[in-house]
Amino acid sequence: MKQFLQILICCFPILCFGQTIFSNSIVGANPNLLNPYTVGQIVDPNITATGIGRGNAIFGVNSNNRYNAKSWKTDALDPEAYFEFTITPNTGKTIDFVSFSFNGQISINGPKLFAFRSSIDNFTSDIGVVTSNGSTVSLAAAPFQNVTSTITFRIYAWAALAGTGTFSINNFEFN
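Source: prediction; values computed, not measured.

### Details of the pairing of strand S6 (residues 82–89)
Okay, step 1: In terms of burial, S6 is a largely internal element, six of the eight residues being buried.
Okay, step 2: Across six bridges, S6 lies against strand S10 (residues 151–158) in antiparallel orientation. Residue pairing for S10: Ile-87 is matched across the bridge by Ile-151.

### Brief notes about the packing of aromatic side chains
Okay, step 1: Scanning the entire structure with this criterion turns up 21 aromatic pairs.
Okay, step 2: When the ring of Tyr-82 is compared with that of Tyr-156, the centres are 5.6 Å apart and the planes differ by 65°; the resulting orientation is edge-to-face. Here Tyr-82, found in strand S6, pairs with Tyr-156, found in strand S10; they are 74 residues apart in sequence, far enough to count as distant.
Okay, step 3: Overall, the relative accessible area of 7% leaves Tyr-82 in the buried class.
Okay, step 4: With a centroid separation of 5.3 Å and 55° between ring planes, the pair formed by Phe-85 and Phe-100 is classed as tilted. Here Phe-85 is found in strand S6, whereas its partner Phe-100 is found in strand S7 (residues 99–106), with 15 residues between them in sequence.
Okay, step 5: Members of the aromatic cluster, each reached through a chain of ring pairs, are Phe-22, Phe-85, Phe-97, Phe-100, Phe-102, Phe-116, Phe-144, Phe-153, Phe-172 and Phe-174.
Okay, step 6: Above the face of the Tyr-156 ring, Arg-117 is positioned so that its terminal group lies 5.7 Å from the ring centre.
Okay, step 7: Between the NZ or CZ atom of Arg-154 and the centre of the ring of Phe-123, over which it lies, the distance is 3.9 Å.

Conventions and cut-offs
- Residues numbered from 1 in each chain as written.
- Predicted model: local features only at pLDDT ≥ 70, side-chain atom pairs only at ≥ 80, totals over all residues.
- Heavy atoms only, no water.
- Buried < 20%, exposed > 50% of the residue type's maximum accessible area, 1.4 Å probe, protein only.
- Helix = DSSP H or I, 4+ residues; strand = E, 2+ residues; numbered from the N terminus.
- Pairing = 2+ DSSP bridges.
- Phe/Tyr/Trp six-rings, centres within 6.5 Å; stacked < 30°, edge-to-face > 60°.
- Lys NZ or Arg CZ within 6 Å of the ring centre and 35° of its normal.

Listed below in structure tokens is the structure:
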């Protein structure tokens, strides 16, 4: 039985992890200067991706090797305070998502509550659970299968102790 599982894992690794279709390790000085940030991103040839961007209610903060922002609300989710990723399959192609994962960090006054949502339902429902230091969220549900048109994902953050508190995405990956 053990040999069968080893063969299954070695021969069919896509069953476990999926193929990375869009990622960025976000390295360099002050990535926040670009909105969206696309430097160093890796994109599957069957899709287009806009990079990581931010909403109008937050502002970039100079930091190396991470996409950092401040002005997160202290009291409630602001629909204009988010990090965003937009992915479009090329004509005649479909996307069957497996997961989204990222690593992040907050400053001492940074936000404490987070939501990961998509344009599928106009950003109204949470998809999985995300935290400040990073998460992996399953995208295996039916709405994220056989995607043939543009889809946008957002990470919202709020409940900051002060408007100067920061939250950053240090790297991310869509599988």
